[in-house]
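Architecture at a glance
The primary structure of each chain is shown beneath.
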Amino acid sequence: MVEAVGAGVTLKTVPDTQALAQAAADLICAAVRANPDLSILVATGNTPMPTYTELAQRVQHGEIDFSRVTAVQLDEYLGLTDDDPRSLWSWMQRSFVAPLGITRTVRLHTPEEFDREVAALGGIDLALLGLGPNGHLGFNEPPSPPDAPTRTVTLTPESLESNRVYWDGLPVPTGAVTAGMNLILSARQTLLLVSGAHKRAILRRTLEGPQTPDLPASLLRGTALTVLADEAAWA
Ligand code: F6R
């Protein structure tokens with residue numbers, strides 16, 4: 001079902017996580033077909049994983065070619081070694097870059113270098129995002145104004161808690177670096193993936209509450225935003 005919820009925002013609801021993966025993969029493949037040199041800002045986290053698996057299957061079946069796409073890292077923890085399994089770079093490699101046969105990447109090391117590399121690419125064509133339980137985007141924690149730049153941040157207790165499930169008992173790093181709100185909001189197209197009943201209240205506020213730095217995801221309204229949600233998240 002497709003609903004329009006105000007200027008620029010298209011909300012599409014689907015029955016479950018599998019249908020979400022299909023619908024998201026359809027949109028991403030259409031964008032890659034329209035522009036094989038697409039630059040994509042890539043979220044990790046749990047929500048997009050079924051979508052990445054679906055995309056990998058389509059690549060394997062020869063339905064789509066990501067070899068000219070550039071994958072741009074959205075965020076990273078600070079203080080981890082390269083081979084630490086918790087690094088979001090390695091998670092993006094395992095789940096997105098390697099299975100899709102992507103050879104062009106922009107890694108988020110230092111904000112300055114990252115912003116330079118993204119500018120040289122001509123900016124972000126498609127931002128693939130998940131919705132933080134507190135409304136964060138990447139690691140843009142509340143409050144993050146629209147002009148918040150790419151920068152290092154300290155994670156909120158809420159984000160430390162929500163990240164704990166990824167790492168099976170290992171401590172969650174408290175520092176991170178994130179693509180700025182300014183970069184995220186400048187993407188030519190944004191796809192926000194939301195699944196599960198635990199995201200229901202924050203998704204409502206994101207789409208229908210006040211647009212405020214206290215809920216960074218609400219600032220996506222007014223950009224070319226498509227929200228794909230399963231029925232658990234948008235009943
Ligand atoms: C991950 C990221 C985070 C997640 C968000 C939702 O790279 O930047 O902002 O997108 O915390 O996480 P999940 O999908 O695990 O609910």
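One can find the structure itself at the top, above this paragraph.
All values reported here derive from a predicted model rather than from experimental measurement. (Residues numbered from 1 in each chain as written. Predicted model: local features only at pLDDT ≥ 70, side-chain atom pairs only at ≥ 80, totals over all residues. Heavy atoms only, no water.)

This brings us to the overall build of the protein. From N to C terminus, the protein includes seven helices and eleven strands. Each principal axis of the C-alpha atoms in the protein carries an extent, and together these give about 45 × 45 × 35 Å. When the 235 residues of the protein are sorted by exposure, 56% land in the buried category. For the protein, restricting intrachain contacts to residue pairs at least 6 apart in sequence, the fraction spanning at least 24 positions comes to 78%. For the protein, the exposed area adds up to about 9,800 Å²; of that, 53% sits on carbon and sulfur atoms. Charged side chains of the protein number 17 positive and 26 negative; the gap between the two group centres comes to 3 Å. (Helix = DSSP H or I, 4+ residues; strand = E, 2+ residues; numbered from the N terminus. Buried < 20%, exposed > 50% of the residue type's maximum accessible area, 1.4 Å probe, protein only. Contact = heavy atoms within 4.5 Å. Areas by Shrake-Rupley, 256 points an atom, 1.4 Å probe, with all protein chains shown as cover. Lys, Arg positive; Asp, Glu negative; His and termini not counted. Charge placed at Lys NZ, Arg CZ, Asp CG, Glu CD.)

Further remarks concern the sheet that holds strand β5 (residues 75–77). Taken together, three strands build an open sheet; the order of strands is β5-β9-β8 and the sheet is antiparallel. The open sheet has two edge strands, β5 and β8 (151–154), and neither has a second partner. If you compare each strand with its neighbour and ignore which way they point, the axes differ by 25° on average. Relative to strand β9 (residues 175–178), β8 is paired through four bridges, and the arrangement is antiparallel. The residue of β9 that forms the bridge with Arg151 is Thr178. (Pairing = 2+ DSSP bridges. Axes fitted to C-alpha atoms, helices over the stretch in contact; angles between N-to-C directions.)

Glancing now at the site of the ligand. Looking at the ligand, there are 14 residues lining it, with Thr47, Asp75, His136, Tyr166 and Lys199 nearest. Within the backbone of Asn46, a nitrogen or oxygen atom sits 2.8 Å from an oxygen atom of the ligand. Asp75 is positioned such that a nitrogen or oxygen atom in its side chain is 2.4 Å from an oxygen atom of the ligand. Here the ligand has 410 Å² of accessible area as a free molecule, and 94% of this is covered by the chains. (Near = heavy atom within 4 Å. Polar contact = N/O pair within 3.5 Å; in protein donor to acceptor, adjacent residues only side chain to side chain.)

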